[in-house]
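Chains, contacts and geometry: an overview
Residue strings, one per chain:
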Amino acid sequence: MIKTKNFLAVIFFLISNNIFSQWVWINPLPTGENILCVDFINDNTGYIATYSFNILKTTDGGDSWNYITKLNLIWPNKLQFVNENTGFVSAKESNSGNKLYKTTDGGKNWFSTANTGEYIWSFDFPNANTGYLIVNGNENVLYKTTNGGLNWSNILTRRIQVVKFFDPQHGSIYGIDPSIPLFTTVNGGASWISTFPGTNVRNISYVNADLIYAVNGNVTTTTYRSSNAGSSWTFLSEVGSLPYDPLINFINETTGYLIDNVFFGNSFYGPLIRTTNGGINWNEFVQSGIKPTPVISYETNSFYSVGNTGKILKSSDNGVNWVSKNSSFIEKSRTLHFSNVNTGIIA
């Protein structure tokens, strides 16, 4: 029996005669890799994607996770499931541009559904059939599909970087670049308007087709609300300084959350703050010693947050308290031992 001082860091089984062929992750569970993406379709069923593109699934609110597959891709940018079977992920193959991949069997098999050869800035599927995709170019191109990614059509060419849709008709495009304005549409991208006061929109959140919250600014972070699908905007408050990439999410008309994302999935981030009066006042509210990362999936009764070294956190009280859903955390591997030619462990 191999002993460790205070922790069990990593254990693997080698399951081939070739000692470099395949290792199976045992502990900590479900993974010790950096988790870059998380998406839950309800309070219990969700998916995560790791740095090396392992995809795992839970159906019991994060109590247990099942390994689904590993993709030969680099750095998942976004993982989105529209139902338990159909999902999309954007990522890069070795030396090629980004591609958009799709699954129709819950993540077991994936196929390319948008091979652009260029960098994919953003994508969003409000349902299984209708999706939007922004691809890099001299003037970035917004594409639309109405058949689940089988065919795409160019509906707009201009300097934009982010696309978000509430439903197939109501959506927004904007840029993390301070000079790019916010545009909204109510007819599936057939026409666009821009009435937002100024530029430098950092993030938006739809509550319904008409109600949108937005956050902008660098030195001073401000919040705005539109109650008419972007036709006009109302200033709400100055939040303070969230200088990097503030992420906003409203779960209903009055309750919303803000967190500053310095590096996506990294350890450096600001506190999660909350409003309960529609964005007028914002306050720190997390009571537990464990704090969430900026990579959060907000569901009706449960919030999930993921990050480095396999960190998975869950809150069942709207973010006030967070608990770890890992069996343990990785620190350092200290011992390598083989019991025979086929089986070995690292601990």
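Notes on the structure in this doc start here. Just so it is clear, the model here is predicted, and its values are computed rather than measured. (Residues numbered from 1 in each chain as written. Predicted model: local features only at pLDDT ≥ 70, side-chain atom pairs only at ≥ 80, totals over all residues. Heavy atoms only, no water.)

1. Examining the environment of G107
Operational definition: The helix count covers DSSP runs of H or I at least four residues long, the strand count covers runs of E at least two residues long, and both are numbered beginning at the N terminus. Each residue's exposure class comes from its accessible area (1.4 Å probe, protein chains only) as a fraction of the maximum for that residue type: buried when under 20%, exposed when over 50%, partly exposed otherwise. Contacts are residue-level and defined by heavy atoms, with any inter-residue pair within 4.5 Å sufficient.
Within the element layout of this structure, G107 appears in the loop between strand 9 (98–103) and strand 10 (111–115). Taking the relative accessible area as the measure of exposure, G107 reaches 0% and is therefore buried. Separated by 52 residues in the primary sequence, G107 and I55 place their C-alpha atoms 7.4 Å from one another. Sequence-distant contacts of G107, that is, excluding residues within four places in its chain, are made with I68, T69, F81 and N85.

2. So, the packing of aromatic side chains
So the rule is basically this: Here a Phe, Tyr or Trp ring, Trp counted by its six-membered ring, pairs with any other such ring whose centre lies within 6.5 Å, and the pair is stacked when the planes are under 30 degrees apart, edge-to-face when over 60, and tilted otherwise. Put simply, a charge is over a ring when the Lys NZ or the Arg CZ is close to the ring centre, within 6 Å, and near the line of the ring normal, within 35 degrees.
Here the structure, examined in full by the defined rule, presents 21 aromatic pairs. Their ring planes at 90° and their centres at 6.3 Å tell us that F165 and W192 sit as a pair that is edge-to-face. Of the two residues, F165 is situated in strand 15 (residues 162–165) and W192 in the loop between strand 17 (183–185) and strand 18 (201–206); the sequence distance between them amounts to 27 residues. Residue F165 shares its accessibility class with W192, and that shared class is buried. Judged by centre distance (5.3 Å) and plane angle (85°), the rings of Y257 and F303 are edge-to-face. On the criterion of sequence distance, the pair formed by Y257 in strand 23 (residues 256–260) and F303 in strand 27 (residues 303–306) is long-range, its members being 46 residues apart. Taken as a pair, Y257 and F303 share a single burial class, namely buried. Following the ring pairs from residue to residue traces out a cluster consisting of F88, F123, F125 and W152. Sitting above the plane of the F123 ring, K78 keeps its charged end 4.8 Å from the centroid. One residue, R274, lies across the ring of F285, its end atom 4.3 Å from the ring centre.

3. Side note on a nonpolar patch on the surface
Definition in use: Note on patches: the residues involved have over 30% relative accessible area and no salt bridge, like charges join within 9 Å, and the nonpolar side chains Val, Leu, Ile, Met, Phe, Trp and Tyr join within 5 Å. With residues, only the protein chains shown are counted as cover, and all accessible areas are computed by Shrake-Rupley using a 1.4 Å probe. In the sections that follow, a salt bridge refers to a side-chain nitrogen of Lys or Arg positioned within 4 Å of a carboxyl oxygen of Asp or Glu.
On the surface, Y51, I74 and W75 cluster together to form a nonpolar patch covering roughly 290 Å² of accessible area. With respect to the helices and strands, the residue W75 is situated in strand 7 (residues 74–81).

4. Points about the side chain of R202
Rules: Identification of polar contacts relies on pairs of N or O atoms within 3.5 Å, with a donor-acceptor requirement for protein atoms, meaning one able to donate a hydrogen and the other able to accept it, and with residues adjacent in sequence counted only if both atoms are side-chain atoms.
Relative to the helices and strands, R202 is located in strand 18. Under the relative-accessibility criterion, R202 is labelled buried at 10%. A distance of 3.3 Å separates a polar atom in the side chain of R202 from a polar atom in the side chain of N200.

5. Considerations on the side chain of Q161
Structurally, Q161 can be placed in the loop between strand 14 (153–157) and strand 15. The residues contacting Q161, other than those within four sequence positions of it, are W121, S122, I134, N140, Y174, G175, I176, D177 and I180.

6. Things to note about the pairing of strand 22 (residues 246–250)
Note the threshold: Here, strands pair whenever DSSP counts at least two bridges between them.
Only one face of strand 22 is covered, namely the face carrying P246, I248 and F250; the face carrying L247 and N249 is uncovered. The pairing of strand 22 with strand 23 spans five bridges and is antiparallel. Looking at the pairing, L247 lines up with I259 of strand 23. The turn joining strand 22 and strand 23, which pair antiparallel and follow one another in sequence, is formed by five residues.

7. Quick word on the sheet that holds strand 12 (residues 131–135)
Put simply, the rule is: Every axis in this analysis is a line fitted to C-alpha atoms, fitted for helices over the stretch in contact. Angles between the N-to-C directions lie between 0 and 180 degrees.
A sheet is described by the order of its strands in space; here four strands give the open sequence 11-12-13-14, paired in antiparallel fashion. Looking at strand neighbours, the two that pair on one side only are strand 11 (120–124) and strand 14, the edges of this open sheet. Strand-to-strand twist of the sheet, defined as the mean angle between neighbouring strand axes without regard to direction, takes the value 20°. One ladder, built from four bridges, connects strand 13 (residues 141–145) with strand 14; its direction is antiparallel.

8. Section: the nonpolar core
Filter applied, for reference: Here, the term nonpolar core denotes a set of buried Ala, Val, Leu, Ile, Met, Phe, Trp, Tyr and Cys residues that are joined through side-chain atoms within 4.5 Å.
Of all hydrophobic cores here, the largest spans 15 residues; its most connected members are F53, I55, L71, L73, L79, V89 and W110. Looking at this core, the elements that each hand over two or more residues are strand 3 (35–40), strand 4 (46–50), strand 7 and strand 8 (87–92).

Just geometry here; none of it tells us what the structure is for.
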